[in-house]
Amino acid sequence: MRVLLVGAGGVGTAITRIAARRPFFEAMVVADHDPARAEAAVAALDDDRFLSVRVDASDEPAVAELLRRHGCDVLLNATDPRFVMPLFRAARAAGATYLDMAMSLSHPHPERPYAECGVKLGDDQFAQAEEWAKAGALALVGMGVEPGLSDVFARYAADELFDEIEEIGVRDGANLTVDGYDFAPSFSIWNTIEECLNPPVVYEAGRGWFTTEPFSEPEVFDFPEGIGPVECVNVEHEEVLLVPRWVDARRVTFKYGLGREFIETLKTLHLLGLDRTEPVTVPSAAGPVSVSPRDVVAACLPDPATLGERMHGKTCAGTWVRGVKDGAPREVYLYHVVDNQWSMAEYGSQAVVWQTAVNPVVALELLATGAWSGSGVLGPEAFPARPFLDLLTAYGSPWGMREQ
């Protein structure tokens, strides 16, 4: 397997550090619009399977040419969701397998945004599913931690733990703190704003997908391994759009443990228009310049990849499932916890980016060995769960299950 990794930020760099310990691939070309980032990621490894190059992720012909030039048969997208579609199309043009950790962007319903779906997450990719399937090509979408591992948990629950499933609810929480910062998101603020301020999507059998108000239906969820109770709220996320396509459940939700202060900060950004992506014109020493308010917010905050030394605590990603097994009610929480102290000591990557990065590497290895295979545009729940969970444990990062 020869891989083109596009994006050498926090997650991309963590991917290289994890992959460097595995023998399943022949080469990994690390590409970024900032060549210094790609070079730094490769230089830290001392592994001649890795090569750094520069590429603009929005330049489809350039990405397709890069895939062909280096003989890459897989494109792994570690950029933000703005670049999903150009990279998705470039992979198809070059005849490569495509894998991402976040799907194509949504657009709210123009008249009833908090009741009806407009363009849903992933709709633009699923619109091309027939083309990929006819070509015998595979696009494995949403293969990070959430979405990704959370979807694998949903498939595992359906296959091995339940006869009937009433509800699947992804629940994400942490007790992470960052020394020296009052507000320092542990993941991309660009993505966080997109997820948290868009109308959340809920799925119900018989009704299909519908939306609610941001931060709706608050609940306190007790997270394992010392994290404890965290208030979680509805957030737009890919699992709600993926799970019902392959797993039979009466209801699917995603709730994120944001915390009251974080929610109020996001609401303030929205009130001031600082969550917008459309450029505005601002004065500068060199004259008027056009900038996106959201990009300005991101530039004013610390890079999440650099926070590891200041960060303390654990992060938990998991899937809560309620249903029936052998005629009796059952409720479980399948989860994966990463301690920042461990991920920093072992890989030099902070917990949230490492937890996101390990899952696409596991998926790549399953594709390389043939344990996973398929064609079309497929989510993680389209594949058997057990090989993934066993290999994740073999990577030194076991998962857990708690009967509720």
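In what follows, the structure referred to is the one given above.
Conventions and cut-offs
Residues numbered from 1 in each chain as written. Predicted model: local features only at pLDDT ≥ 70, side-chain atom pairs only at ≥ 80, totals over all residues. Heavy atoms only, no water. 1 Å grid on protein atoms, 1.4 Å probe; cavity = no way out; pocket = protein on both sides within 12 Å on 5 of 7 lines; lining within 4 Å. Points joined across faces, edges and corners; volume = space filled by probe spheres on them. Nonpolar A, V, L, I, M, F, W, Y, C, P; charged D, E, K, R; others polar. Pairing = 2+ DSSP bridges. Helix = DSSP H or I, 4+ residues; strand = E, 2+ residues; numbered from the N terminus. Axes fitted to C-alpha atoms, helices over the stretch in contact; angles between N-to-C directions. Contact = heavy atoms within 4.5 Å. Phe/Tyr/Trp six-rings, centres within 6.5 Å; stacked < 30°, edge-to-face > 60°. Lys NZ or Arg CZ within 6 Å of the ring centre and 35° of its normal. Parallel < 35°, antiparallel > 145°, perpendicular 65-115°, else oblique. Buried < 20%, exposed > 50% of the residue type's maximum accessible area, 1.4 Å probe, protein only.

1. A closer look at empty space enclosed by the protein
Then comes step 1: Enumeration over the complete set of coordinates arrives at one cavity of 30 Å³ or more.
Then comes step 2: Its boundaries defined by the atoms lining it, the largest cavity holds a volume of some 90 Å³.
Then comes step 3: Of the residues contributing to the lining of the largest cavity, the split by class is six nonpolar, six polar and three charged.

2. What to know about the sheet that holds strand β3 (residues 50-54)
Then comes step 1: Pairing in this open sheet of seven strands is parallel, and the strands run β3-β2-β1-β4-β5-β6-β19 from one edge to the other. In the strand order of this sheet, the two ends are held by β3 and β19 (376-378), each with one partner. Put simply, the sheet's adjacent strands are angled 20° from each other on average, direction ignored.
Then comes step 2: Where strand β1 (residues 2-6) lies against strand β2 (residues 27-32), five bridges are found, and the strand directions are parallel. Its bridge partner being in β2, Val6 is matched across the sheet by Ala31.
Then comes step 3: Taken strand by strand, helix α2 (residues 35-43) contacts β2 and β3, and its axis lies near 175° from that of β3.
Then comes step 4: Of the strands in this sheet, β1, β4 (74-77), β5 (97-100) and β6 (138-140) are in contact with helix α13 (residues 351-369), which crosses β5 at around 155°.

3. So, the packing of aromatic side chains
Then comes step 1: Going through the model one piece at a time under the given rule, you end up with 19 aromatic pairs.
Then comes step 2: Taken together through their ring pairs, the aromatic side chains of Phe221, Phe223, Tyr333 and Tyr335 make up a single cluster.
Then comes step 3: Sitting above the plane of the Trp132 ring, Arg92 keeps its charged end 5.4 Å from the centroid.

4. Description of the packing of helix α8 (residues 189-197) against helix α10 (residues 260-271)
Then comes step 1: Two elements in contact, α8 and α10, have axes separated by 11 Å at closest approach and are oriented at 90°. By the angle between their directions, the pair α8 and α10 is classed as roughly perpendicular. Contacts between α8 and α10 involve Thr192, Ile193, Cys196 and Leu197 from the first element and Phe262, Leu266, Leu269 and His270 from the second.
Then comes step 2: Of the residues in the contact of α8 with α10, the class split is six nonpolar, two polar and no charged.

5. Considering helix α1 (residues 10-19)
Then comes step 1: Across the 10 residues of α1, nine count as buried, placing the element largely inside the fold.
Then comes step 2: Looking at α1, one finds that the buried residues are Gly10, Val11, Gly12, Thr13, Ala14, Ile15, Thr16, Ile18 and Ala19.

6. So, the environment of Leu391
Then comes step 1: Mapped onto the elements, Leu391 comes out in helix α14 (residues 385-394).
Then comes step 2: Here Leu391 falls in the buried class, since its relative accessible area comes to 13%.
Then comes step 3: Those residues in contact with Leu391, other than ones at most four positions away along the chain, are Arg22, Val362, Glu365 and Leu366.

7. Examining unusual backbone geometry
Then comes step 1: Between Glu146 and the following residue, Pro147, the backbone shows a cis peptide bond with an omega angle of 0°.
Then comes step 2: The residue Pro147 is located in the loop between β6 and α7 (149-161) in this model.
Then comes step 3: Phi is positive for Glu217, which is not a glycine, with a value near 50°.
Then comes step 4: Looking at where Glu217 falls in the secondary structure, it is placed in the loop between β10 (208-211) and β11 (219-223).
Then comes step 5: One non-glycine residue, Asp326, adopts positive backbone phi at about 55°.
Then comes step 6: Along the chain, Asp326 falls in the loop between β17 (314-325) and β18 (328-339).
Then comes step 7: Given a relative accessible area of 66%, Asp326 falls into the exposed group.

8. A word on the pairing of β18
Then comes step 1: Alignment of β17 against β18, held across 12 bridges, turns out to be antiparallel. By the bridge assignment for β18, Thr319 is matched with Leu334.
Then comes step 2: Hairpin remark: β17 followed by β18, antiparallel, with two residues in the connecting loop; positive phi at Asp326, about 55°.
Then comes step 3: Relative to strand β20 (residues 400-403), β18 runs antiparallel, the two being bridged by four bridges. Counted as the bridge partner of Tyr333 is Arg402 from β20.

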